[in-house]
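Secondary and tertiary structure notes
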Number of protein chains: 2
Amino acid sequence: MALAFHPLAASRVRIAPLLPAAVAPSSSSVAAARHHRRRFSVVVATAAAAASASATTEFDFKAYMVERAAAVNRALDAAIPAGEPPAALHEAMRYALLAGGKRVRPALCLAACGIAGGPEAWAMAPAAAVEMVHTMSLVHDDLPCMDDDDLRRGKPTCHVVFGEPIAVLAGDALLSLAFHHMASVGSYPPDVDPEKHPARVVRAIGELARCIGSEGLVAGQVVDLEMTGTSEVVPLERLEYIHLHKTAALLEASVVIGAIIGGATDEQIERLRKYARSIGLLFQVVDDILDVTKSSEELGKTAGKDLASDKTTYPKLLGLEKSREFAEKLLSDATEQLAGFDKEKAAPLLHLAYYIAHRQN
Amino acid sequence: MALAFHPLAASRVRIAPLLPAAVAPSSSSVAAARHHRRRFSVVVATAAAAASASATTEFDFKAYMVERAAAVNRALDAAIPAGEPPAALHEAMRYALLAGGKRVRPALCLAACGIAGGPEAWAMAPAAAVEMVHTMSLVHDDLPCMDDDDLRRGKPTCHVVFGEPIAVLAGDALLSLAFHHMASVGSYPPDVDPEKHPARVVRAIGELARCIGSEGLVAGQVVDLEMTGTSEVVPLERLEYIHLHKTAALLEASVVIGAIIGGATDEQIERLRKYARSIGLLFQVVDDILDVTKSSEELGKTAGKDLASDKTTYPKLLGLEKSREFAEKLLSDATEQLAGFDKEKAAPLLHLAYYIAHRQN
């Protein structure tokens with residue numbers, strides 16, 4: 001979770017450690033927008049650097065992430081009983097769900113609730129739910145009949161440890177648990193608005209459900225599987241389809257759900273949706289760049305894997321330099337959407353965007 | 001879907017074609033309760049016979065089921081776009097979902113909404129959702145790594161036609177679609193109470209989610225798989241666990257969800273929950289009895305399959321006569337819960353209980 005410079009930002013000048021989102025004036029002129037964007041792409045590198053020097057900045061991103069991850073892990077741990085029957089099922093669910101990970105999606109959900117003005121605690125149940133959905137998709141995608149992966153985060157995958165039937169069923173159970181968790185009154189703190197809260201929860205559940213099926217994760221996996229094993233180069237449009245569905249859809253839902261629960265207006269929700277779509281795609285472009293530019297040691301997984309497996313990536317289609325430019329554009333598109341929100345409340349989402357752009361693994 | 005006498009009721013005397021639920025006086029004395037139960041088990045056979053002679057009865061059960069199934073099929077058909085990408089996924093979802101079937105769960109959901117006083121149309125989205133969940137559980141249970149079934153209702157199973165990866169993903173997509181459908185404002189008619197409706201939907205979604213995972217369908221399948229291939233006789237308690245989770249949980253949720261959407265009071269919901277638990281178990285006991293007493297031709301599937309596969313069933317554990325008695329008790333337990341509701345509004349649930357008890361396949 002270290003915040004350091006990503007190669008795409010390496011040549012940038014370090015300037016004042018500002019959080020630019022709220023201080024940048026909004027403007028409708030194209031020239032101003034272009035200036036604004038340039039300004040952001042400079043500040044991006046800076047703020048990330050600033051955030052890593054936590055003691056001297058206004059917002060301690062590392063502490064934020066560590067605290068949120070710990071809280072989410074507690075919620076996830078409490079959501080699945082250990083040892084209760086059927087023991088094998090619960091054990092498999094816990095194995096997959098509590099295997100670590102950065103909890104980026106829950107953090108986005110909590111931060112979006114905060115930027116919308118709600119106490120982050122309101123979004124703890126949805127934050128846990130999006131992680132359950134994420135885990136479920138990993139468990140099913142790893143199955144022998146899918147990507148057939150034996151390792152995940154350096155540990156044997158769920159079906160390797162518990163067998164294929166339990167892995168399929170643990171995924172199903174995690175998916176339903178996500179909705180159960182979101183729908184349970186007991187998952188929310190008592191200070192939610194009793195009149196507005198149910199309608200917000202219904203809307204948030206609709207968002208979560210939509211990003212899983214034939215408009216989201218599943219659609220992305222289907223098209224990804226169709227591309228696997230073919231020697232043809234995947235066209236850029238198809239590559240973007242896969243990533244928008246397999247990766248961006250759940251990141252988008254995480255942000256939008258948090259915003260809804262936090263009481264965002266429709267206009268705010270749409271701005272945050274745009275923010276999330278940009279960082280969703282950014283997430284994948286950066287992944288592709290890292291695979292080319294980093295060593296296995298730095299990544300914590302096999303580098304050059306995409307190249308070796310003949311997988312279509314952004315660097316392969318666009319070249320490395322253009323991929324970096326695309327990543328920069330996505331980052332500035334994302335952070336631009338945060339202008340106009342309260343500066344302090346926008347800090348977590350702003351830093352999450354920097355983090356996604358500048359992560360080293 | 002023909003309503004005829006089931007062997008367990010064959011020796012009963014036919015008396016007046018009454019719908020007994022609402023006219024039966026409730027009593028707290030044990031003797032009265034016993035009398036009440038006896039009365040029911042007599043009337044049960046009669047009312048079922050009466051219902052089959054539709055022209056002369058107050059309630060035309062056959063027409064009710066045919067109309068409801070048609071409406072649910074229309075809703076299911078509209079819920080999944082044909083031909084839109086990813087085409088293989090949508091095709092697989094439609095293949096599994098629109099393969100026919102009696103639509104008993106949706107009918108229970110609609111009827112429960114009606115008994116609670118709501119227009120049945122309010123529960124059309126949840127009714128479609130429970131069928132999506134049911135279908136998803138069949139698709140995943142049929143997988144090669146699970147029950148490895150090649151045929152379902154006389155047609156090749158989903159993974160046989162579309163391959164294993166698509167079958168897993170189609171199940172996931174159906175599961176998320178169920179929640180999306182329940183959470184979408186557009187799934188409900190405009191006359192729902194704008195103030196009470198969102199809270200009812202949240203509660204209903206919680207019920208649906210709970211019956212799928214480690215407290216419902218999935219738990220039942222896990223324990224069922226654990227029992228498969230062992231030569232030991234499954235104890236009655238374990239058999240009941242499997243059936244309560246694999247079969248009864250979703251029937252219970254179907255009823256309870258309909259009741260919630262229809263505006264039932266908590267006390268009514270609990271009575272309907274008891275009704276549903278009884279018919280859920282009844283459903284399975286009758287299945288087991290039919291396997292022993294009917295020919296393959298009558299069943300539309302291989303008779304004696306349970307015996308041949310060494311599967312533990314109620315007749316095997318209790319004997320045929322005691323199994324019939326148990327079925328009768330479950331039926332009278334169920335119908336008893338309907339006393340006190342409006343007679344006309346109770347008719348569909350009452351007849352659904354008879355139907356489940358007396359079906360011939």
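In this text, all values refer to a predicted model and were calculated from it rather than measured experimentally.

The subject of this paragraph is the UniProt feature "coiled-coil region" (unreviewed entry) in chain A. Residues given the UniProt feature "coiled-coil region" (unreviewed entry) here are residues 317-344 of chain A. Overall, residues 317-344 of chain A shows 75% helix and 0% strand. The separation of its end C-alpha atoms is 39 Å.

Moving on to the nonpolar core. Of all hydrophobic cores here, the largest spans 225 residues; its most connected members are Leu208(A), Tyr275(A), Leu208(B) and Tyr275(B). Once residues within four sequence positions are removed from consideration, Leu208(A) is found in contact with Ala129(A), Val130(A), Val133(A), Ala178(A), Phe179(A), Met182(A), Leu250(A) and Ile257(A).

All names here are of chain A. Under the 1.5 Å per step criterion, the end-to-end length of helix H17 (residues 343-358) is 21 Å for 16 residues, consistent within 8% with the ideal 22 Å. At Leu349, H17 shows its maximal bend, which comes to roughly 25°. For H17, the tally of buried residues reaches 13 of 16 residues, placing the bulk of the element in the interior. Between a side-chain oxygen at the N-terminus of H17 and the backbone nitrogen of Glu344 the separation is 3.2 Å; the capping residue is Asp342.

The next subject is the state of the cysteines. Scanning all chains against the criterion turns up zero disulfides over all chains. Of all cysteine sulfurs in the structure, the one in Cys145(B) sits closest to Cys158(A), which takes part in no disulfide; the separation is 12 Å. When its relative accessible area of 5% is taken as the criterion, Cys158(A) is described as buried. Free of any disulfide, Cys211(B) has its nearest cysteine sulfur in Cys109(B), 11 Å distant.

With the rule as written, the count across this model stands at eleven aromatic pairs over all chains. Each ring, one from Phe179(A) and one from Phe179(B), has its centre 4.2 Å from the other, and the planes form 10°; the classification is stacked. Taken together, the residues Phe179(A) in helix H8 (residues 164-183) and Phe179(B) in helix H8 (residues 164-183) connect one chain to another. As far as burial versus exposure is concerned, Phe179(A) and Phe179(B) are alike and both buried. Ring geometry for Phe59(B) versus Phe61(B): centroids 6.5 Å apart, planes at 45°, classification tilted.

This part is about the packing of helix H6 (residues 124-141) of chain A against H8(A). Residue and element names in this part refer to chain A. Axis separation between H6 and H8 bottoms out at 8 Å; the angle between their running directions is 165°. If you check the angle between H6 and H8, you find them roughly antiparallel. For the element pair H6 and H8, the recorded crossing hand is left-handed. For the pair formed by H6 and H8, the contact residues are Ala125, Pro126, Ala128, Ala129, Met132, Val133, Thr135, Met136, Val139 and His140 on the first element and Ala167, Val168, Gly171, Asp172, Leu174, Leu175, Leu177, Ala178, His181 and Met182 on the second.

What follows covers the interface of chain B and chain A. Think of interface size as the accessible area that goes away when the parts come together; that is how it is often given. Contacts between chain B and chain A engage 40 residues on the former and 40 residues on the latter. Counting every contact that joins chain B to chain A gives zero salt bridges. At the boundary of chain B and chain A, one finds six residue pairs in polar contact (both at pLDDT 80 or more). Elements with a minimum of two residues in the side of chain B that touches chain A: helix H4 (87-97), helix H6 (124-141), H8, helix H9 (197-210) and helix H10 (217-227) of chain B. Here the element with the most residues in the side of chain B that touches chain A is H8(B); it accounts for twelve residues.

Our next topic: the side chain of Gln284(B). Residue and element names in this part refer to chain B. Note on placement: Gln284 falls in helix H12 (residues 266-293). For Gln284, the side chain forms a polar contact with the side chain of Thr247, separated by 3.0 Å. With residues near it in sequence (within four places) discarded, Gln284 still touches His243 and Thr247.

The next thing to look at is the environment of Ala339(B). Residue and element names in this part refer to chain B. By the secondary structure assignment, Ala339 is in the loop between helix H16 (320-336) and helix H17 (343-358). Taking relative accessible area as the criterion, Ala339 reaches 13% and is therefore assigned buried. The spatial distance from the C-alpha of Ala339 to the C-alpha of Leu350 is 9.8 Å, given a sequence separation of eleven residues.

On to the relation of the copies chain B and chain A, then. Taken together, a rotation about one axis and a shift along it account for how the two chain copies relate. You can overlay chain B on chain A at an RMSD of 0.0 Å; the transform is a turn of 180° with a shift of 0.0 Å along its axis. With respect to symmetry, the two chain copies, as superposed, fit the operation of a two-fold axis. For chain B, the residue whose C-alpha comes nearest the rotation axis is Pro198(B), separated from it by 2.7 Å. A shared interface surface links the copies, since 100% of the contact residues of chain B are contact residues in chain A too.

With that settled, consider the pattern of salt bridges. Any two side chains of opposite charge can pair, on the condition that their charged atoms come close. Under the defined criterion, the tally for this structure stands at 32 salt bridges over all chains. When the shortest N-O distance is used, the salt bridge between Asp266(B) and Arg203(B) registers 3.0 Å. A residue pair is termed long-range when its members are at least 10 positions apart, and Asp266(B) in helix H12 and Arg203(B) in helix H9 qualify at 63 residues. We classify Asp266(B) as exposed; its relative accessible area is 51%. Note that Glu252(B) and Arg273(B) form a salt bridge whose closest N and O atoms lie 2.7 Å from each other. Here Glu252(B) is found in helix H11 (residues 236-261), whereas its partner Arg273(B) is found in helix H12, with 21 residues between them in sequence. Overall, the relative accessible area of 9% leaves Glu252(B) in the buried class. The buried category is assigned to Arg273(B), whose relative accessible area is 9%. Several salt bridges share partner residues, and in doing so they unite Glu207(A), Arg210(A), Glu215(A), Glu252(A), Glu270(A), Arg273(A) and Arg277(A) into one network.

Attention shifts here to unusual backbone geometry. Among all residues except glycine, the phi angle is most often negative; among peptide bonds, the trans geometry is most common. The omega torsion of the bond from Pro85(A) to Pro86(A) falls at -5°, within 30 degrees of zero and hence cis. Within the secondary structure, Pro86(A) sits in the loop between helix H3 (61-79) and helix H4 (87-97). Even without glycine at this site, Arg103(A) takes up a positive phi of about 60°. Position of Arg103(A) among the secondary structure elements: in the loop between H4 and helix H5 (104-115). Look at Arg103(A) and you get buried, because its relative accessible area is 4%. Positioned with a positive phi, Arg153(B) is a non-glycine residue whose angle comes to about 50°. Position of Arg153(B) among the secondary structure elements: in the loop between strand S1 (151-152) and strand S2 (155-156).

As a further point, take the side chain of Ser137(B). Position of Ser137(B) relative to the elements: it lies in helix H6. Within the local environment of Ser137(B), its side chain forms a polar contact with the backbone oxygen of His134(B), the two atoms lying 2.8 Å apart.

Let us look at the packing of H8(A) against H10(B). Taken N-terminus to C-terminus, the directions of H8(A) and H10(B) make an angle of 165°; their axes are 10 Å apart at the nearest point. With respect to their mutual orientation, H8(A) and H10(B) come out roughly antiparallel. Judged by the sense of rotation from one axis to the other, the crossing of H8(A) with H10(B) is left-handed. Taken together, the residues of H10(B) that come into contact with H8(A) (itself represented by Pro165(A), Ile166(A), Leu169(A), Asp172(A) and Ala173(A)) are Val218(B), Gln221(B), Val222(B) and Leu225(B). Along the lines of polarity and charge, the residues of the contact of H8(A) with H10(B) split into seven nonpolar, one polar and one charged.

Each value, and the rule that gives it
Here the residue numbering is sequential within each chain, running from 1 through the sequence in written order. Chain letters and ligand numbers both follow the written order, the letters beginning at A and the numbers at 1. Owing to the predicted nature of the model, reporting of local features is limited to residues with pLDDT of at least 70; listing and counting of side-chain atom pairs is limited to 80 or more, with chain, interface and lining totals taken over all residues. Note that water and hydrogens are dropped before the side-chain values are worked out from all heavy atoms of the structure. UniProt positions are given in the numbering used here, feature names are shortened, and annotations may be inferred rather than shown by experiment. The numbering of helices and of strands both runs from the N terminus, where a helix is a DSSP run of H or I of at least 4 residues and a strand a run of E of at least 2. We call a set of buried Ala, Val, Leu, Ile, Met, Phe, Trp, Tyr and Cys residues a nonpolar core when their side-chain atoms join them within 4.5 Å. In this scheme, a residue with accessible area under 20% of its type's maximum is buried, one over 50% is exposed, and one in between is partly exposed, where area comes from a 1.4 Å probe on protein chains only. The criterion used for residue contact is that any of the two residues' heavy atoms lie within 4.5 Å. Helices are assigned an expected span. That span is 1.5 Å times one less than the residue count. Note that the bend at a residue is defined as the angle between axes fitted to the seven residues ending at it and the seven residues starting at it. Side-chain atoms alone can form a polar contact between residues adjacent in sequence; in general such a contact is a pair of N or O atoms within 3.5 Å, and within protein one must be able to donate a hydrogen while the other accepts it. For the purposes of this analysis, a disulfide is any pair of cysteine sulfur atoms at a distance within 2.5 Å. Only rings of Phe, Tyr and Trp enter the pairing, Trp through its six-membered ring, and a pair is recorded when the two centres are within 6.5 Å. The plane angle decides the type: under 30 degrees is stacked, over 60 is edge-to-face, the rest tilted. Under this scheme, a helix contributes an axis fitted over its contacting stretch, all axes are lines through C-alpha atoms, and angles between N-to-C directions fall in the 0 to 180 degree range. When an angle is under 35 degrees it counts as roughly parallel; over 145 it counts as roughly antiparallel; between 65 and 115 it counts as roughly perpendicular; any other value is oblique. Left-handed describes a crossing whose near helix is turned anticlockwise from the far helix through less than a right angle; right-handed describes the clockwise counterpart. Should a side-chain nitrogen of Lys or Arg be within 4 Å of a carboxyl oxygen of Asp or Glu, the pair is scored as a salt bridge. We superpose the copies by least squares over the C-alpha atoms of residues that have a pLDDT of at least 70 in both of them. Asp, Glu, Lys and Arg are counted as charged, while Ala, Val, Leu, Ile, Met, Phe, Trp, Tyr, Cys and Pro are counted as nonpolar; the rest, among them Gly, fall into the polar class.

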